[in-house]
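Spelled out from the first residue to the last, the chains are:
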Amino acid sequence: MFTDLVQPDRVHRSLYTDREVFTREMERVYGGTWTYLAHESELPGPHDFVRRRLGLRPVIVTRDAEGGLHGLLNRCTHRGATVCRDDEGTTARFVCGYHNWTFDSTGALVGVPMRKGYGPSFEPGSLGLGRLRVESYRGFVFGTLNQEMPPLEEHLGYAARLLDQWLDRLPGSRLVVRHGTHRLRYRGNWKLTYDNSADGYHPGFSHASLLRMRKQRYGVGVDMQWTLGDVDNGGQTVTDLGNGHTFLDQRAEIDSYWESSAPMPGEQAYEAVLRERLGEEAERMLDLAVGSGMNLNIFPNLLVIGNQIQVIEPFDVDDTHLIWYATSLEGEGVPEELTALRMRLQEDFPSFGEPDDLVNFEECQNGLSIPEMEWVVTHRHLETGRSHLDENGNLTGPVTDELPIRAFWRRWTELMTSETKLVAR
Amino acid sequence: MNLDEILGSATTSSYVDDAYYALLQTDLTEWRARGTPLADPDLEGLILHENWLLDRRAYEDWFDLYARECLYWVPNVDVLAEEPPTLGGKPTGGSLGYTKAAVRPHDPRTRVAIAFDDRRRLGDRIVWLRTGVAYSQLPPSATSHVSSGFVRVPTARPGEVKIRSQFVCHEIRAGHPVRTLAGWAGHVLVTEDGETRIARKIAALLDPDRTHLNLSFLL
Ligand code: FES
Ligand SMILES: [Fe+2]
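Quick caveat, the model's predicted, so the values are computed rather than measured. (Residues numbered from 1 in each chain as written. Chains lettered and ligands numbered in written order. Predicted model: local features only at pLDDT ≥ 70, side-chain atom pairs only at ≥ 80, totals over all residues. Heavy atoms only, no water.)

Details of the overall build of chain B
Within chain B, the secondary structure is distributed over five helices and seven strands. The helix and strand sequence of chain B, counted from the amino end, reads α-α-β-α-α-β-β-α-β-β-β-β. Out of the 219 residues in chain B, the part that is buried amounts to 55%. For chain B, long-range pairs separated by at least 24 residues make up 72% of all intrachain contacts whose partners lie at least 6 apart in sequence. Put simply, chain B shows about 9500 Å² of open surface, and 55% of that area lies on carbon and sulfur atoms. (Helix = DSSP H or I, 4+ residues; strand = E, 2+ residues; numbered from the N terminus. Buried < 20%, exposed > 50% of the residue type's maximum accessible area, 1.4 Å probe, protein only. Contact = heavy atoms within 4.5 Å. Areas by Shrake-Rupley, 256 points an atom, 1.4 Å probe, with all protein chains shown as cover.)

Structure follows, in C-alpha cells:
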C-alpha cells in the first residue's frame, strides 16, 4: 500500500501532510507495537496513576494494591466518558463523573449505582476498563494493543543493552522521573522529530545559535563544539538497532563530561561544595550532572537524550507535543547538589537548542504542503560505502548517514501494512 | 552594557547555592500575602520601563536593570498552589480525587523550570538572541507587555522591596497567530550603585504546566 510512497532513497511528502495517513498511524503505529507510556518512578506506590496517551487514545497507567502495573483505556464502559481526569494522583477507585460507575486500579468494574435497574444478565466482570498489554523494562513502561508482539525485551533487542549503559552510569543508582517537564509544542508532523532524533547532519547548522553563543562566551572546549565541521570524519556514529530503534553515539568525542559541559546556574557554587565534601569522588558525581552523550531512540515515541527522556505526543497531522521529562538519580551516596545541577543543566537545551529545531520542523511542514514538490530525500551516505555491520551485527555509519531515517520507515511500513487485529483485553 | 561587554561578563555562576534556593522559598511564602497598592511611581516606572525595553527588544539595556546577583524565573508549575478545601471531605474517586504532590514541586532544586536564569544564563540568552541564527526568533516575536495591579508586598528581608503585579503579554511572530500569555509577576528590587535594580523576577503564567508553542522570547 505504501511502497510507492516509501522508497529506498526518498519518501513522499504526503506521509507528513495527509490526515488519513495520520489517523492510521495513530491506530496502527501507536498501539501496534510496544509504545512507551511512563516511567515506573512516576507511580511509585500502590494505587498511584498517571494519565497518558497511546496515539490519540486516552489511557491511564496504574499500580494496583500489590504494585502490579496496568495500562487502562480511559473510557467508561457505560457510555464512554473518561473516568480519570487528572494528570497524576493516587486512588484505589476511578469514579466516572457522569453516572458514577466505579473502577478499581486494575480496571475492574466494582460499583454501579442502582444496579437493580440492569436485570439478571448484567455482568460486571465483562465491563471492566479496556486493557492494554503492558510490560516494563528497567522502569520504562510500554503498552500495546497487539497481542502478537514478542516480549518487550526481545523487541528492544540491542536498544535494551544501550538503555542499560545509559542507566548504569552510576551502578546501583535508580532513575527518578518526577522533576517536572518541558512541554514544547510545534505545528508540524510528529515524524519530523523522529527524523531529527538521530540526525547528526543538522547540529552544526540548526543549532548554530547555540554553538556560536557558547564559543563566543566560553571558548572552544564547551558544549557540543564537536558537532561543527566535517563531522563525518569525527568520532560520532549512528546505528540502526532494528525494529525502528536508532542510536546516535557522541561518546567518543567526550573526554571529560564535566569540563565540556554546557553552563548551568550554580555550577561553581556546587562544584566547590562537592569537591570539598567528596574529594576525588566529586569528579564522578559532577560528570553525572552532564548528559550521557547518547541519543537512544525507541520507536515510535521515546527519545532518550542527554539526561532527559523525550516523549513524542502527536495531536494532529501538523500538531505535535514534545514532552521532555527531567530525571535525577536516587541511591546511596548521590548528593542533593547533583540533583540541583542536573535540573539546571536540563533547562539548557530546551531553552537554547530545541526551539530552533522546532521552528525548522514547522518550516518543513510549511514546505511539504506544496503538492508539486513531492519528495523528501533520505539517501545520505546510502551510496558512499561508509556504513558497515558493527561488532553486534547492527548497521552503523558516519554520524550524518541517514540510515536511521531509512530504518524508521522500514518499521513504519511494516506496521502500517500489518493486518494484525489490535484488541483491548 | 553593550553586547561586547555582555559577551565577557558573568561567565561563572557562584551565587546559586543552598542559601539562594532557600531564599526563593522565602520569596514564595511572602508573595502570598496581601499587598498594598503601590504609591511609589519610581518603582512602578521601573517595571513599566522593563516592559518597554523588552517590547523594543533592547536586551542589552534590559540586562542593565538587573542586579549583579539576579534571577529571571518562569516556573513550569503553579508555585503557590495549595490543596483546596472540599465540602464534605475528600471524594474517593480518581477523577474526583487528589493530585499527588510531586517531589517538592515548588523547589527549583528538584524541579526544572521553563526559565531559571541567573546572571550568566541571562547573558547567554541575550548573546544567543543576538547571534542572528536563532531560528526560533527569526523572524523575532513582537511583544506588548502590559502590567497593572501593582502592590507592594511586605518582606522581612532588609534592603529589599517586593512588588507584585498582573501581566498580559501579547505576542506575534510573522506567519503565526497572536498569542496571549498572562499571569502574575513578582519583582524583588534592591539598591545597587545608587540605582534600583531587579534582584529577582518571577513570571508566573496562568498555564505554566500546559504545553506551549515557541516560548523563546522574554516575559
Ligand atoms: S458514562 Fe460513565 S457512568 Fe455513565
Ligand atoms: Fe537538534
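A short note on the domain arrangement of chain A
It is common to give the size of an interface as the accessible area that goes away when the parts come together. Residue and element names in this part refer to chain A. Domain assignment breaks chain A into domain 1 (34-137) and domain 2 (155-416). Between the C-alpha centres of domain 1 and domain 2 there is a distance of 33 Å. On the side of domain 2, 20 residues touch domain 1, which itself brings twelve residues to the contact. For the pair domain 1 and domain 2, the two sides together bury roughly 1300 Å², of which 58% comes from carbon and sulfur. Among the residues of domain 1 in contact with domain 2, Tyr36, Arg53 and Tyr137 are the three that bury the most area, contributing 46% of the side total. Linking domain 1 to domain 2 there are zero salt bridges. For the pair domain 1 and domain 2, the interface holds six residue pairs in polar contact (both at pLDDT 80 or more). Elements represented by at least two residues in the side of domain 1 that touches domain 2 include exactly strand E2 (35-39) and strand E3 (48-54). (Domains from an automatic or database assignment. Buried area = accessible area lost by both parts, 1.4 Å probe. Salt bridge = Lys/Arg side-chain N within 4 Å of Asp/Glu carboxyl O. Polar contact = N/O pair within 3.5 Å; in protein donor to acceptor, adjacent residues only side chain to side chain.)

A look at the coordination of the iron ion (ligand 2)
All names here are of chain A. Coordination sphere of the iron ion (ligand 2), protein contribution only: His202 (NE2), His207 (NE2) and Asp357 (OD), at 1.9 to 2.1 Å. Donor residues for the iron ion (ligand 2) sit on one chain with the sequence pattern H-x4-H-x149-D. One end of the pair, His202, is in the loop between helix H5 (191-197) and helix H6 (203-206); the other, Asp357, is in helix H12 (residues 354-368), with 155 residues separating them in the sequence. Of the two residues, His202 and Asp357, neither departs from the other in class, the shared state being buried. (Donors = N, O, S within 2.8 Å, 3.2 Å for Na, K, Ca; no water.)

Comments concerning the side chain of Arg63 of chain A
Residue and element names in this part refer to chain A. Among the secondary structure elements, Arg63 is positioned in strand E4 (residues 57-63). At a separation of 2.3 Å, a polar atom in the side chain of Arg63 contacts the main-chain carbonyl oxygen of Leu43. Sequence-distant contacts of Arg63, defined by excluding residues within four places in its chain, comprise Glu40, Leu43, Pro44, Gly45, Pro46, His47, Asp48, Gly68, Leu69 and Ser105.

A few points about the interface of chain A and chain B
Facing the 66 residues of chain A at the interface are 54 residues of chain B. Carbon and sulfur atoms supply 51% of the area buried between chain A and chain B, which totals about 4700 Å² over both sides. Our enumeration of links across chain A and chain B arrives at four salt bridges. Across the contact surface, chain A and chain B share 33 residue pairs in polar contact (both at pLDDT 80 or more). Counting residues per element, the side of chain A that touches chain B draws most heavily on helix H7 (residues 208-218) of chain A, at nine residues. Among the residues forming the side of chain A that touches chain B, the class breakdown is 27 nonpolar, 18 polar and 21 charged. (Nonpolar A, V, L, I, M, F, W, Y, C, P; charged D, E, K, R; others polar.)

Considerations on the sheet that holds strand E7 (residues 93-95) of chain A
Residues and elements named next belong to chain A. Strand order in the open sheet formed by three strands is E7-E8-E9, with antiparallel pairing between adjacent strands. Strands with a single pairing partner mark the edges of an open sheet, and in this sheet they are E7 and strand E9 (109-111). Shown here is a sheet whose adjacent strand axes are inclined to one another by a mean of 40 degrees, direction ignored. Here E7 runs beside strand E8 (residues 102-104); their pairing, made up of three bridges, is antiparallel. Bridging from a neighbouring strand, Arg93 pairs with Asp104 of E8. (Pairing = 2+ DSSP bridges. Axes fitted to C-alpha atoms, helices over the stretch in contact; angles between N-to-C directions.)

A few points about helix H5 (residues 119-130) of chain B
Residue and element names in this part refer to chain B. Between the first and last C-alpha of H5 there are 17 Å, a value that for twelve residues agrees with the 16 Å anticipated at 1.5 Å per step. Of all twelve residues that make up H5, eleven are buried, and the element is covered over most of its length. Taken together, the buried positions of H5 are occupied by Arg119, Arg120, Arg121, Leu122, Gly123, Asp124, Arg125, Ile126, Val127, Trp128 and Leu129. Gly132 lies just past H5 and shows a positive phi near 80 degrees. (Expected span 1.5 Å × (residues − 1).)

Overview of the pattern of salt bridges
Applying the stated criterion to the full structure yields 44 salt bridges over all chains. Salt-bridge contacts for Arg185 of chain A lead to Asp319 of chain A; the nearest nitrogen and oxygen are separated by 2.9 Å. Pair noted here: Arg185 of chain A is in strand E13 (residues 181-186) and Asp319 of chain A is in strand E19 (residues 319-325), with a separation of 134 residues, a long-range link. One network of salt bridges, with partners in common, ties together Asp27, Glu30, Arg157, Glu160, Lys162 and Arg200 of chain B.

Regarding the environment of Glu281 of chain A
All names here are of chain A. Structurally, Glu281 is set in helix H9 (residues 281-287). By relative accessible area, Glu281 is classed as partly exposed at 32%. Residues Glu281 and Ile405, spaced 124 residues apart in sequence, show a C-alpha to C-alpha distance of 40 Å.

Some words on the layout of surface pockets
All names here are of chain A. Counted as a void, the second largest pocket has a volume near 580 Å³. Among the secondary structure elements, those contributing two or more residues to the lining of the second largest pocket are H5, H6, H12, strand E21 (375-377) and helix H13 (403-417). Broken down by element, the lining of the second largest pocket gets its largest block of residues, six residues, from H12. Looking at side-chain class alone, the lining of the second largest pocket contains twelve nonpolar, seven polar and six charged residues. (1 Å grid on protein atoms, 1.4 Å probe; cavity = no way out; pocket = protein on both sides within 12 Å on 5 of 7 lines; lining within 4 Å. Points joined across faces, edges and corners; volume = space filled by probe spheres on them.)

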